[in-house]
Amino acid sequence: MAAREPRLIRKIAELREALTLIRRERKRVGFVPTMGALHEGHLSLVRACKTECDCTVVSIFVNPTQFGPQEDFERYPRTLDRDLAGLRSCGVELVFAPEAREMYPPGFDTWVEVKGVSEPLEGVCRPGHFRGVATVVLKLFNIVQPDVAYFGQKDYQQALVIEKMIRDLDLPIILRVLPTVRESDGLAMSSRNSYLDPESRKQATVLWRSLCRAAECLRNGERRADVILREMRQVIDAIPNARTDYVALVNPETLQPVDAITGKTLAAVAVRLGKTRLIDNLLLEP
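Computed from a predicted structure; not experimentally measured.

### Considering the packing of helix α9 (residues 206-219) against helix α10 (residues 225-237)
At a minimum axis separation of 8 Å, α9 and α10 run at an interaxial angle of 150°. Put simply, α9 runs roughly antiparallel to α10. When the axes of α9 and α10 are compared, the crossing they make is right-handed. From α9, Val206, Arg209, Ser210, Leu211, Arg213, Ala214 and Cys217 reach across to α10, where they touch Ile228, Glu231, Met232, Val235 and Ile236. Looking at the contact of α9 with α10, its residues break down into 8 nonpolar, 1 polar and 3 charged.

If you want it as structure tokens, here you go:
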């Protein structure tokens, strides 16, 4: 039997109407927010949602408010037809793909700021990024009103920001953060990997290799953060084309730097290869 085509919805009112009918049947609604250019990482979230919920909603929206002036909003990959094919194979019921003016009508000027966990790491490198993320995600939550929302660990800080927003604003949503999906050589799957030329693609494994070096140091008994960070940087610095935005060992709940690894610790890296910026992370535990 052929997979059913997902219902593509462009308007907020239409999606709300469709979901009202679903809720009347007391169905559990799961939600996977994306910016499209879907890969196996996204689809792993979709499949988990399909397993755990009665109805799966996927949003595809390249959110302009989370991109800075010099960032890649215009060239961010947009592959709606291919995305719909992938979602069809997963059995997704509803796909919400609004235009920017639907989400941000003329006169829009309300913003969500999540203090604390949004400020280090990506918050330093991409000012205003998490304001755009939190605002659009809260809007999507209000539109979809899911029982469960699914995010990936690759964007660890983003998931932490969303978790805090859900908690602080008493949103009746369960947050599920699922493991990063990787290529066979360790590179974290990302829509931005499509920017990489063949040589940069080979070099991009440096993020994962630097994280693995941190884990290796820990296994060998090293606990001092400065020593482990130096080892991680040496791995990255060996790639002439790589420019480091940050290499960090931080508390996984606050994202504040640690002096030594005495409990669960997040190793996080952000590296630029040419014009492509990639991030990755790994939870370490002695």
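### A closer look at the pattern of salt bridges
Evaluated as defined, the whole model comprises 20 salt bridges. The residue glutamate 5 makes a salt bridge to arginine 88 at a minimum N-O spacing of 3.1 Å. Of this pair, glutamate 5 sits in the segment before β1 (7-9) while arginine 88 sits in helix α3 (residues 80-90), and the two are 83 residues apart along the sequence. Across the pair aspartate 185 and arginine 201 runs a salt bridge whose closest N-O atoms are separated by 2.9 Å. Of this pair, aspartate 185 sits in the loop between β6 (174-178) and α8 (198-203) while arginine 201 sits in helix α8, and the two are 16 residues apart along the sequence. Classification of aspartate 185 by relative accessible area gives partly exposed; the value is 36%.

### A short note on the sheet that holds strand β3 (residues 55-60)
Pairing is parallel across the open sheet formed by 6 strands, whose spatial order is β1-β4-β3-β2-β5-β6. Looking at the sheet topology across the chains shown, the edges are occupied by β1 and β6. Taken over all neighbouring pairs, the strand axes of this sheet differ in orientation by 25° on average, direction set aside. In the sheet, strand β2 (residues 29-34) pairs with strand β5 (residues 148-152) via 2 bridges, with the strands oriented parallel. By the bridge assignment for β5, glycine 30 is matched with valine 148. Its contacts with the sheet put helix α6 (residues 129-144) on β2, β3, β4 (94-96) and β5, and the angle it makes with β2 is roughly 150°.

Calculation notes
- Residues numbered from 1 in each chain as written.
- Predicted model: local features only at pLDDT ≥ 70, side-chain atom pairs only at ≥ 80, totals over all residues.
- Heavy atoms only, no water.
- Axes fitted to C-alpha atoms, helices over the stretch in contact; angles between N-to-C directions.
- Helix = DSSP H or I, 4+ residues; strand = E, 2+ residues; numbered from the N terminus.
- Parallel < 35°, antiparallel > 145°, perpendicular 65-115°, else oblique.
- Left-handed = near helix turned anticlockwise from the far one by under 90°.
- Contact = heavy atoms within 4.5 Å.
- Nonpolar A, V, L, I, M, F, W, Y, C, P; charged D, E, K, R; others polar.
- Salt bridge = Lys/Arg side-chain N within 4 Å of Asp/Glu carboxyl O.
- Buried < 20%, exposed > 50% of the residue type's maximum accessible area, 1.4 Å probe, protein only.
- Pairing = 2+ DSSP bridges.

What is shown is where atoms sit, not what they do.
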